[in-house]
Amino acid sequence: MSAVLGPERPQMVSHVQQALSYTVFDCKWVPRSARLMCLGSAARGTGVIQLYELHGARLEMLREIKKPKPIKCGTFGATSLQQRYLATGDFDGNLNIWNLEAPEIPVYSVKGHKEIINSIDGVGGLGIGEGAPEIVTGSRDGTVKVWDPRQNDTPVANMEPVQGESKRDCWTVAFGNAYNQEERVVCAGYDNGDIKLFDLKTMSLRWETNIKNGVCSVEFDRKDINMNKLVATSLEGKFHVFDMRTQHPTKGFASVSEKAQKSTIWQVRHLPQNRDIFMTSGGSGSLHLWKYEYPAQRSKKDSEGSEMGVAGSLSLLQNVTLSTQPISSLDWSPDKKGLCVCGAFDQTVRVLIVTKLNKI
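Computed from a predicted model, the values in this text were never measured in an experiment.

**Looking at unusual backbone geometry**
Next, step 1: Positive phi, close to 55°, is recorded for Arg 32, a residue that is not glycine.
Next, step 2: As for its placement among the helices and strands, Arg 32 is situated in the loop between β3 (23-29) and β4 (35-41).
Next, step 3: The phi angle at Lys 212 is positive, at roughly 65°, despite the residue not being glycine.
Next, step 4: Within the secondary structure layout, Lys 212 lies in the loop between β18 (204-210) and β19 (215-220).

In structure tokens, the structure reads:
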């Protein structure tokens, strides 16, 4: 790993801090707006959805919506830019989709899982990715399910342990490879370090590996291109970047790993405007900004003549400590480069501005 030094180094500036009266589990920018959502759990075990608008150096709360069950995760990824409906997963296994203009009753609701939905992702909406709008949910019940919100209460795909296989807690899910109407994959990470790549076109397990530690977050650098890179973060402060362009028949995908810190890396999020820059959030209350450098050649032939990938290298661009508690959620603004929001277990949401990203 190398660190980027000098005057061109990006700076991470804490722009606004907002104290919350509840535990925040996820925060999301509302596309094409200066608004953001905070999702979480009130002290008495009920769910909270708050909508804020950024006004200069302050956040103004526009709406607070209370729900019966704590809300763990949310995504706008399967909605249109016109509707901007928020899909959420809660502690009771419910998948709900909300019209934020009329949030009393969900526009779509299904009891998706027997236990908490830990992670959710969407694709096919917001003009990103080809094909149908779909939502993927990963749960403590060991299953990963894909939903088409235009269909009723049956998942279009259900990835669950086979007979006799032990049930693992699924902590994270992400869509990728959605570059045309047919292709699409889901990556899932589990509490025992398993990473599984499911091909939704062939309904098969395309690849699996184990990183020896609970997988907290997975994300492709882009959802709507041929698989390029995948980052997976872990419980023990390490993350792995897999080059997803070349899959070797036995060795799988080439990867580079980095020990970022001593504590859990809760989240990874790629900069929407540059797929080679990403941020990780840590259990020590810190954010790290990284850049991936490609090798001179991304693939080579092994002794048998099979193509195998070549991993690149990582540079640490900047890091900052914001909290004494873990930063558990993170989201870049899709519209304004360098604007990001993060939520921490100190019951605070922070808006940051990352400078000089166009100079890297």
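**Description of a positive patch on the surface**
Next, step 1: Residues Lys 212, Lys 238, Lys 259 and Lys 262 make up a contiguous surface patch of positive charge.
Next, step 2: Here Lys 238 shows up in strand β21 (residues 238-243).
Next, step 3: A relative accessible area of 36% places Lys 238 in the partly exposed class.

**Topic: the sheet that holds strand β15 (residues 170-176)**
Each strand in a sheet pairs with another by means of backbone hydrogen bonds, the pair being arranged parallel or else antiparallel.
Next, step 1: The sheet built from four strands is open, its strands ordered β15-β16-β17-β18 with antiparallel pairing. The open sheet has two free edges, formed respectively by β15 and β18, since each of these has just one partner strand. With direction set aside, neighbouring strand axes in the sheet form an average angle of 15°.
Next, step 2: Taken together, the five bridges between strand β16 (residues 185-190) and strand β17 (residues 194-199) define a ladder with antiparallel strand orientation. Residue pairing for β17: Val 186 is matched across the bridge by Phe 198.

**A closer look at the nonpolar core**
Next, step 1: Judged by nonpolar contacts, the single largest core of 18 residues is most densely connected at Met 12, Met 279, Leu 287, Leu 289, Trp 332 and Leu 352.
Next, step 2: Elements with a minimum of two residues in this core: β24 (277-282), β25 (286-293), β28 (313-321), β29 (327-332), β30 (339-344) and β31 (348-354).
Next, step 3: Setting aside anything within four residues of it in sequence, one finds Leu 287 in contact with Met 12, Met 279, Thr 280, Ser 281, Gln 318, Asn 319, Val 320, Leu 322, Ile 327, Leu 330, Cys 342 and Leu 352.
Next, step 4: Core analysis: the second largest hydrophobic core is formed by 17 residues, Cys 27, Trp 29, Leu 36 and Val 349 among them.

**A few points about the pairing of strand β12 (residues 134-139)**
Next, step 1: β12 sits mainly inside the fold: six of its six residues count as buried.
Next, step 2: Burial along β12 is two-sided: the residues Glu 134, Val 136 and Gly 138 and Ile 135, Thr 137 and Ser 139 are all buried.
Next, step 3: Bridge count between strand β11 (residues 117-123) and β12: six bridges; the pairing is antiparallel. Among the inter-strand pairings, Ile 120 is bridged to a residue of β12, identified as Thr 137.
Next, step 4: Inspection of the sheet shows β12 paired to strand β13 (residues 144-147) by four bridges, in the antiparallel sense. Bridge pairing in β13 links Thr 137 to Lys 145.
Next, step 5: In textbook terms, the turn of a hairpin is the stretch between consecutive antiparallel strands, and for β12 and β13 this stretch comprises four residues, one of which, Gly 142, has a positive phi near 90°.

**Concerning the pattern of salt bridges**
Next, step 1: Tallied over the entire structure, the rule returns 20 salt bridges.
Next, step 2: Among the salt bridges present, the one from Glu 134 reaches Arg 184, with a minimum N-O distance of 2.8 Å. In this pair, Glu 134 sits in strand β12 while Arg 184 sits in the loop between β15 and β16, placing the two residues 50 residues apart along the sequence. Here the two residues Glu 134 and Arg 184 agree in accessibility, since each one is buried.

**Thoughts on the sheet that holds strand β20 (residues 229-234)**
Next, step 1: A sheet is described by the order of its strands in space; here four strands give the open sequence β19-β20-β21-β22, paired in antiparallel fashion. Bordering the open sheet on either side are β19 and β22 (255-259), each of which pairs with just one other strand. Going from strand to strand, the sheet's axes swing by 15° on average, the running direction of each strand aside.
Next, step 2: Where β21 and β22 come together, five bridges link them in antiparallel fashion. Bridged to Phe 239 within β22 is Glu 258.

**Considerations on the pairing of strand β23 (residues 265-270)**
In regular strands, side chains alternate between the two faces of the sheet.
Next, step 1: With five of its six residues buried, β23 lies for the most part within the structure.
Next, step 2: Sheet analysis places β23 next to β24, joined by five bridges and oriented antiparallel. Pairing of Arg 269 across the sheet is with Met 279, part of β24.

Conventions we followed
Residues numbered from 1 in each chain as written. Predicted model: local features only at pLDDT ≥ 70, side-chain atom pairs only at ≥ 80, totals over all residues. Heavy atoms only, no water. Helix = DSSP H or I, 4+ residues; strand = E, 2+ residues; numbered from the N terminus. Patch = residues over 30% accessible without salt bridge, like charges linked within 9 Å, V, L, I, M, F, W, Y side chains within 5 Å. Areas by Shrake-Rupley, 256 points an atom, 1.4 Å probe, with all protein chains shown as cover. Salt bridge = Lys/Arg side-chain N within 4 Å of Asp/Glu carboxyl O. Lys, Arg positive; Asp, Glu negative; His and termini not counted. Charge placed at Lys NZ, Arg CZ, Asp CG, Glu CD. Buried < 20%, exposed > 50% of the residue type's maximum accessible area, 1.4 Å probe, protein only. Pairing = 2+ DSSP bridges. Axes fitted to C-alpha atoms, helices over the stretch in contact; angles between N-to-C directions. Core = buried A, V, L, I, M, F, W, Y, C linked by side-chain atoms within 4.5 Å. Contact = heavy atoms within 4.5 Å.

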